[in-house]
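# Chain and residue survey
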Amino acid sequence: MIASDLQTAIDRMRELIETSQTIVPFTGAGISTECGIPDFRSPGGIWTKLAPIPFDQFMSSQAARDESWRRRFAMQDQFGAAKPGRGHRALASLFRSGRSPGVITQNIDNLHQASGIPRECVVELHGNTTYAICLECAKRYELDWVRAAFERSGGRAPDCPDCLGYIKTATVSFGQSMPQDEMQRAEELTLACDLFLAIGSSLVVWPAAGFPLMAKRSGGRLAIINREPTEFDDLADLVVRHDIGAVLEPFVVS
Ligand SMILES: [Zn+2]
């Protein structure tokens, strides 16, 4: 059913949550827009103006690595101070209540962790942009360190001092393979849930598209909160096209 108005959406969502044992949220860019982080893929989003740098270019070109880091630091100045929104806080409340074992996210903004969900309970399908790793030895680098090296050298992306590998944000770029561990954990969570909450994702980008179907096939119920219709609306037990923050705010327990 498609919730006709905000109150119906909240009532029906409460009913679903109260009658579920294992709730697994799956989140996309829509949950973070109220935090000031734009949806890069949406019309007018950054990626429609500035083509993303594919992984093979990052690996083969110093200029591409320099440009990639230049863009990342520009983003840091714009969105680096973003705080969790009502949606994040509601999901953290569900987690604390013991009924949600973890969150699957397409987002790279670290806001689920910032809302209080432990790092090991956040499955990040596209990685995390708030720190960097060496692509050779996997050593972790903080953005401040990368930025200092970048600025010291006049805008050159630094290499790993230990092994000379390339240092990249811990995100999954276009053309980079999906993290297998994360995919498997996402699948396990999806199969274990009796309520799958798809929030703020158009559910188009693979592998996002596979999970709602997997949840339904294994007997779970499906609720979709997204501004735009999705391909899975007909399958869903509840479809909400209202503002995510407004729908989830009543579920924030502080
Ligand atoms: Zn290294």
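Residues numbered from 1 in each chain as written. Predicted model: local features only at pLDDT ≥ 70, side-chain atom pairs only at ≥ 80, totals over all residues. Heavy atoms only, no water.

A tally of helices and strands in the chain yields 10 helices and nine strands. Computed over its C-alpha atoms, the radius of gyration of the chain comes to 19 Å, within 12% of the 18 Å expected for a compact globule of 254 residues. The dimensions of the chain, computed from C-alpha atoms along their principal axes, are 55 × 35 × 30 Å. Looking at the chain as a whole, 46% of its 254 residues are labelled buried. Excluding contacts between residues fewer than 6 apart, the proportion of contacts in the chain whose partners are at least 24 apart in sequence is 67%. (Helix = DSSP H or I, 4+ residues; strand = E, 2+ residues; numbered from the N terminus. Rg over C-alpha atoms; globule rule 2.2 N^0.38 Å. Buried < 20%, exposed > 50% of the residue type's maximum accessible area, 1.4 Å probe, protein only. Contact = heavy atoms within 4.5 Å.)

Next up on the list: the packing of helix α8 (residues 180-192) against helix α9 (residues 210-217). Running from N to C, α8 and α9 point in directions that differ by 35°, and their axes come no closer than 8 Å. The hand of the α8/α9 crossing is right-handed. Residues Met-183, Ala-186, Glu-187, Thr-190 and Leu-191 of α8 touch α9, and the partners they reach there are Phe-211, Met-214 and Ala-215. Tallied by class, residues from the contact of α8 with α9 come to six nonpolar, one polar and one charged. (Axes fitted to C-alpha atoms, helices over the stretch in contact; angles between N-to-C directions. Left-handed = near helix turned anticlockwise from the far one by under 90°. Nonpolar A, V, L, I, M, F, W, Y, C, P; charged D, E, K, R; others polar.)

Let us look at the pattern of salt bridges. Per the counting criterion, the structure on display carries 14 salt bridges. Asp-77 is the salt-bridge partner of Arg-147, the closest N and O atoms lying 3.1 Å from each other. With a gap of 70 residues between them, Arg-147 in helix α7 (residues 143-152) and Asp-77 in helix α4 (residues 62-79) connect regions that are remote in the sequence. The exposure class of Asp-77 is exposed, given its relative accessible area of 55%. Here Arg-227 and Glu-228 are joined by a salt bridge, their closest N and O atoms 3.8 Å apart. The network of salt bridges with common partners includes Glu-34, Arg-86, Asp-243 and Glu-249. (Salt bridge = Lys/Arg side-chain N within 4 Å of Asp/Glu carboxyl O.)

This part takes up the coordination of the zinc ion. Taken together, Cys-134 (SG), Cys-137 (SG), Cys-160 (SG) and Cys-163 (SG) make up the full set of protein donors to the zinc ion, lying 2.3 to 2.4 Å away. One can describe the donor arrangement at the zinc ion as tetrahedral, given that its four donor atoms subtend angles of 96 to 119° at the metal. One chain supplies every donor for the zinc ion, spaced along it as C-x2-C-x22-C-x2-C. Separated by 26 residues along the polypeptide, Cys-134 in strand β4 (residues 127-134) and Cys-160 in the loop between α7 and β6 (167-171) bring together distant segments of the chain. As far as burial versus exposure is concerned, Cys-134 and Cys-160 are alike and both buried. (Donors = N, O, S within 2.8 Å, 3.2 Å for Na, K, Ca; no water. Tetrahedral: all angles 85-135°; square planar, octahedral: opposite > 155°, others 65-115°.)

Enumeration over the complete set of coordinates arrives at five aromatic pairs. Centre to centre, the rings of Phe-26 and Phe-211 are 5.9 Å apart; their planes meet at 40°, and the pair counts as tilted. Taken together, the positions of Phe-26 in strand β1 (residues 23-27) and Phe-211 in helix α9 put the pair 185 residues apart, joining distant regions of the chain. Assessed through its relative accessible area of 2%, Phe-211 is described here as buried. A centroid spacing of 4.6 Å and a plane angle of 35° characterise the contact between Tyr-141 and Trp-145, whose relative ring orientation is tilted. (Phe/Tyr/Trp six-rings, centres within 6.5 Å; stacked < 30°, edge-to-face > 60°.)

This part covers the sheet that holds β6. As summarised here, the arrangement of the three strands in space is β5-β4-β6, forming an open sheet in which the pairing is antiparallel. Two strands lie at the open edges of the sheet, namely β5 (140-142) and β6, each paired on one side alone. Sheet twist, expressed as the mean angle between neighbouring strand axes with direction ignored, is 50°. Of the strands in this sheet, β4 and β6 are in contact with α4, which crosses β6 at around 55°. Lying over the sheet, α7 contacts β4, β5 and β6, oriented at roughly 70° with respect to β5. (Pairing = 2+ DSSP bridges.)

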